[in-house]
Structures are given as C-alpha cells and as structure tokens.
Amino acid sequence: MGSEAAPASSAKKKLYQTIGSSRSPVEGDHTEARLLLCQRESSFRTDLQWILMNTYVPSLIQDGPQCGLVALWMAAYPRQPTLDVDTVVQTAMQRGFTAQGEMFSAKNMALLAEEVCSCKAELLSGGLNGNNAGTIITHLWGRQPVLIPYDEDYNHEPCQRNGHRAHWAVASGVLLGLDQGSVSKEHIQPDPTLPWLHLSTNTTPSCPISSSQEVYILAKQGKSLRYQLWGWDSVAQSNGQLKTMDPQRASDGTPYVVPEGGMEVGLAGQAVLLHTRTQ
C-alpha cells in the first residue's frame, strides 16, 4: 500500500518505478540470497549452523497502492504462472475488497488468495511471535509462501510507524542459525561460495525450529525487484503495531476499503499462509 494516493501515471513515475524499469531481477532460489549474505557476512554468528531454504518468486513493480495484490501475484506465480496481475486486481475490486488496489484486511486477502490461486489460504492472527512464529517458519521451510503486512521504511525494511506506512510483502524463504550439529550434514549440502552456509535439499528433515538461535526471512515487495533479508523480530514487531492509516492519506478524499474497526482489526498481528503445494 505504501504512501501512494492513486495509481502512478506513465508521465510521472514513482522513483521506485523508474529504478525498477532500469534493472532486471536476479533469478534462482539461492543466487540473490548469496549476494545478500556476502554483503552481511560479518553479522552472522560463526558458532551457529546456518541453513538456507528458499523457493524463488518473481518480481513485479507495483503501479499505485497495489502492494498486497502484487505480493499475492508473486506468491501465486509458482503455482499459477499464467495468472495476470490485472486479474488479481479486478477480482479484488469485484469482490469489494479494494477501491484503489489497497488491501487493509488480511481476512479479505486470504479469501482473495483462495479464489485466484486455487489453493488453501490460512489466516493467522494474534501476533507473529510464539506459536505463530513457529508455524510461519515451518511453512516457509516447507517451500510455501507467506503474505505479511508491515510498516515499510524508506529502504523497504520493516519499521514502526503505527501503520502510517503499511505495506505488504511475500516471504518465500528462511535462513536459520541453529545450534551446531542440529541437522546432519548428510541431509544438507554446503554452499559452493560461502563455506559457512548450507543449503537445504529434498532429504532435509522437518524444520528444526526448536534448535534455532537466529531467524531471518527472505522477502520481496512491490517497490523493488530485489530480495531482502529481514530479522524475524523486526518483522513481528512491525506487523504487530499496524494501528492507523496515515492521516494525510485518510483525509485526501480518495475512497479506500477499510474494515470495520480500522487497520488494527484488519492487519495488526496477522499473516496469510498459502498452501501452494497441496490441492
């Protein structure tokens, strides 16, 4: 959703649209993640066993306040590669879920996802810590995407603005820092470029969440073609404090679909899990 009031015209593009049009996304499950990890290598504890699990989703730069619908399209692509983002937008409008492309209701996002993705969508509420954190991380470990609303900082990372910069991202992967030896080396493969990193394989066992000391997610959102790596705590904190729409946006005269009870009821402490690997 960001801070746009209306779809950007072709004559006056947003900065992120101009940057996006001049770049190409980096494809592959692990390719871009390696670049991110190389840049931040010194920030990862050397006493932990690091394992990366990611299923690539494509990039798309949003046109106007369509961040949630674009994130849904990205998440749906591996299962529905012929799905057009305009179909997602039009379906959301026809169902009365949006007026401008905005999605202020995670419940409506789950309903829309089931319709356009032809898959089960699970709505989580009550915050992204505790059992919900384990559920989301295990879901990502199973190579299935999660749609997460959060406050977007100027570098697209999670921040805390009380919902004034509410935005949606799709998480498609997870990086776990585990107690050494938590996963047998016969079930993982060493990364060819980063000696401290291991990649999950088809024989990797169930998610070792109980042995996790540090958790990061790989996410994309509609204002950049690039993957980003976010610490789980920052995501959970940002997600939990989505309370009010930006006052300037709320008073600009543009109609938006806001659930009864406002943004806090619609988004705070919620996420949508897409069960894309099951019928």
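Please refer to the structure higher up on the page.
Residues numbered from 1 in each chain as written. Predicted model: local features only at pLDDT ≥ 70, side-chain atom pairs only at ≥ 80, totals over all residues. Heavy atoms only, no water.

Caption draft 1: Main features of the overall build of the protein. Scanning the protein from N- to C-terminus turns up nine helices and 10 strands. The burial tally for the protein puts 56% of its 279 residues in the buried class. Of the contacts made within the protein by residues no fewer than 6 positions apart, 74% connect residues no fewer than 24 positions apart. If you sum the accessible surface of the protein, you get close to 12,100 Å²; carbon and sulfur atoms cover 48% of it. (Helix = DSSP H or I, 4+ residues; strand = E, 2+ residues; numbered from the N terminus. Buried < 20%, exposed > 50% of the residue type's maximum accessible area, 1.4 Å probe, protein only. Contact = heavy atoms within 4.5 Å. Areas by Shrake-Rupley, 256 points an atom, 1.4 Å probe, with all protein chains shown as cover.)

Caption draft 2: Expanded view of the layout of surface pockets. Here the second largest pocket is characterised by a volume of approximately 150 Å³. In terms of residue class, the lining of the second largest pocket is built from eight nonpolar, four polar and two charged. (1 Å grid on protein atoms, 1.4 Å probe; cavity = no way out; pocket = protein on both sides within 12 Å on 5 of 7 lines; lining within 4 Å. Points joined across faces, edges and corners; volume = space filled by probe spheres on them. Nonpolar A, V, L, I, M, F, W, Y, C, P; charged D, E, K, R; others polar.)

Caption draft 3: Here's a closer look at the packing of aromatic side chains. A complete count under the given rule lists nine aromatic pairs for this structure. Consider the rings of F44 and W50, whose centres lie 5.1 Å apart with planes at 70°: the pair is edge-to-face. The exposure class of F44 is buried, given its relative accessible area of 5%. A centroid spacing of 6.4 Å and a plane angle of 90° characterise the contact between F104 and Y256, whose relative ring orientation is edge-to-face. Of this pair, F104 sits in the loop between α4 (85-94) and α5 (106-117) while Y256 sits in the loop between α8 (247-250) and α9 (262-266), and the two are 152 residues apart along the sequence. Both residues of the pair, F104 and Y256, belong to the buried class. Put simply, the rings of F44, W50, W196 and Y216 touch in pairs and so form one group of aromatic residues. The ring of Y154 has R165 lying over it, and the distance from NZ or CZ to the ring centre is 4.4 Å. Over the ring of Y256 we find R249, and its NZ or CZ is 4.7 Å from the ring centre. (Phe/Tyr/Trp six-rings, centres within 6.5 Å; stacked < 30°, edge-to-face > 60°. Lys NZ or Arg CZ within 6 Å of the ring centre and 35° of its normal.)

Caption draft 4: Quick look at the environment of R95. Within the fold, R95 resides in the loop between α4 and α5. It is 8.4 Å that separates the C-alpha atoms of R95 and L112, two residues lying 17 residues apart in sequence. A distance of 2.4 Å separates the side chain of R95 from the side chain of E115, its partner in a polar contact. (Polar contact = N/O pair within 3.5 Å; in protein donor to acceptor, adjacent residues only side chain to side chain.)

Caption draft 5: Representation of the packing of helix α3 (residues 67-76) against α5 within the structure. Here α3 crosses α5 at 40°, and the two axes come no closer than 11 Å. Considering their axes alone, α3 and α5 lie oblique with respect to each other. With respect to the hand of their crossing, α3 and α5 are arranged in right-handed fashion. Contact with α3, carried on its side by G68, L69, L72 and A76, involves M109, L112, A113, V116 and C117 of α5 and no other residues of that element. (Axes fitted to C-alpha atoms, helices over the stretch in contact; angles between N-to-C directions. Parallel < 35°, antiparallel > 145°, perpendicular 65-115°, else oblique. Left-handed = near helix turned anticlockwise from the far one by under 90°.)

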